[in-house]
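# Descriptive analysis of the structure
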Amino acid sequence: MLIVGAKGFAKEVLEIINQMNQLENLVFFDDVNDDIKGNLYEIFPILKTTNEVADYFNTIDNRFTIGIGNPVLRKKLFNKFISLGGVFTSTVSPLANVGSFDVQIGHGTNILSGVIISNSSKIGMGCIVYYNSIITHDCKIGDFVEISPSVTLLGRSTVGSYSQIGSNATILPDKAIGKNVIIGAGSVVTKDIPDNCVVVGTPAKIIRELDPLEF
């Protein structure tokens, strides 16, 4: 598998893959940071060009996942690496507790250790679910959502695509968060949140509007 990125969140993804015992032929890609080259941890090759990526996909393994956190950047990288022949692939830590019934996890989603996902929950493609977050029954999460550590989503709550939920935030039951929303760390969402805004506090209130996303 190829991990896009070789710093920050990419190292978290590496640990998931290690837990999955899938380190064989693992490589990273980083064409941005000049100080990142050679082999990461003196083990894993770091590819620097799209030609190297295309060759890797064609001859070794066409699976890739994204080790970069920003939702919009993840979507752009998804488009880029799909165009090179990659297959967007999820990584789910075996130390996560995933329900046995009617759980859907989209392609390319990364789920870290300590996460709890209850039955009848649906998570879209390209999401990040960080350490010790809890997603309870019948929750629905869109595509390319970032859920920070120790977030709690209570029953039947929904999160729109490209949203970011800050650490230790709580979403109360039946509440709907729109697309391209940032929920501040520690916030408690007690009412529906529209698209394209930043909310913080207990109870969470809108403090700023965001420009709609354009792709």
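The notes below deal with the structure included here.

Scoring rules and cut-offs
Sequence positions are assigned chain by chain, starting from 1 and proceeding in written order. Under the rules for a predicted model, residues below a pLDDT of 70 receive no local features and side-chain atom pairs below 80 are neither given nor counted, while totals for whole chains, interfaces and linings still include all residues. Here the side-chain values reflect all heavy atoms present in the structure, with hydrogen atoms and water set aside. What makes a salt bridge here is a side-chain nitrogen of Lys or Arg within 4 Å of a carboxyl oxygen of Asp or Glu, nothing more. Think of it this way: any DSSP run of H or I at least four residues long counts as a helix, any run of E at least two long counts as a strand, and we number them from the N terminus. Burial here depends on accessible area, computed with a 1.4 Å probe over protein chains only, as a share of the maximum for the residue type. Under 20% is buried, over 50% is exposed, and the range in between is partly exposed. Buriedness of a pocket was judged along seven lines, with at least five required to meet protein on both sides within 12 Å; pockets are open sets of points on a 1 Å grid over the protein atoms alone, cavities are sets where a 1.4 Å probe fits but cannot get out, and lining residues have an atom within 4 Å of a point. Grid points are joined across faces, edges and corners, and a volume is the space filled by probe spheres set on the points. Residue type decides the class: Asp, Glu, Lys and Arg count as charged, Ala, Val, Leu, Ile, Met, Phe, Trp, Tyr, Cys and Pro as nonpolar, and the leftover types, Gly among them, as polar. Strand pairing follows a simple DSSP-based rule, namely that at least 2 bridges must link the two strands.

## Description of the pattern of salt bridges
- Overall, the coordinates contain five salt bridges when judged by the stated rule.
- Linking Lys80 and Asp31 is a salt bridge whose minimum nitrogen-to-oxygen distance equals 3.7 Å. Separated by 49 residues along the polypeptide, Lys80 in helix α3 (residues 71-83) and Asp31 in the loop between β2 (27-29) and β3 (39-40) bring together distant segments of the chain.
- Relative accessible area serves as the criterion here: at 41%, Asp31 is assigned to the partly exposed category.
- The shortest N-O distance in the salt bridge between Arg63 and Asp61 comes to 2.8 Å.
- Take Asp61: its relative accessible area is 13%, and that puts it in the buried class.

## Some points on the layout of surface pockets
- Reported here for the largest pocket is a volume of approximately 190 Å³.
- Considering the residues around the largest pocket, the lining is formed by 15 residues, among which Gly5, Phe29, Asp30, Val32 and Ile68 are closest to the centre.
- Counting residues per element, the lining of the largest pocket draws most heavily on α3, which supplies three residues.
- Here the residues of the lining of the largest pocket sort into seven nonpolar, four polar and four charged.

## Brief notes about the sheet that holds strand β12 (residues 122-123)
- If you trace the five strands from one edge of the open sheet to the other, you get β9-β12-β15-β18-β21, paired in parallel fashion. Unpaired on one side and paired on the other, β9 (104-105) and β21 (176-177) mark the two borders of the sheet.
- With two bridges joining them, β12 and strand β15 (residues 140-141) adopt parallel strand pairing. What sits directly across from Lys122, in β15, is Lys140.

## Looking at the pairing of strand β25 (residues 205-209)
- For β25, a buried count of zero out of five residues is recorded, marking the element as mostly open to its surroundings.
- Examined bridge by bridge, strand β24 (residues 197-200) and β25 share four bridges and lie antiparallel to one another. Bridging across to β25, Val200 finds its partner in Lys205.
- Linking β24 back to β25 in an antiparallel pair, the connection comprises four residues, with Gly201 at a positive phi of about 105°.

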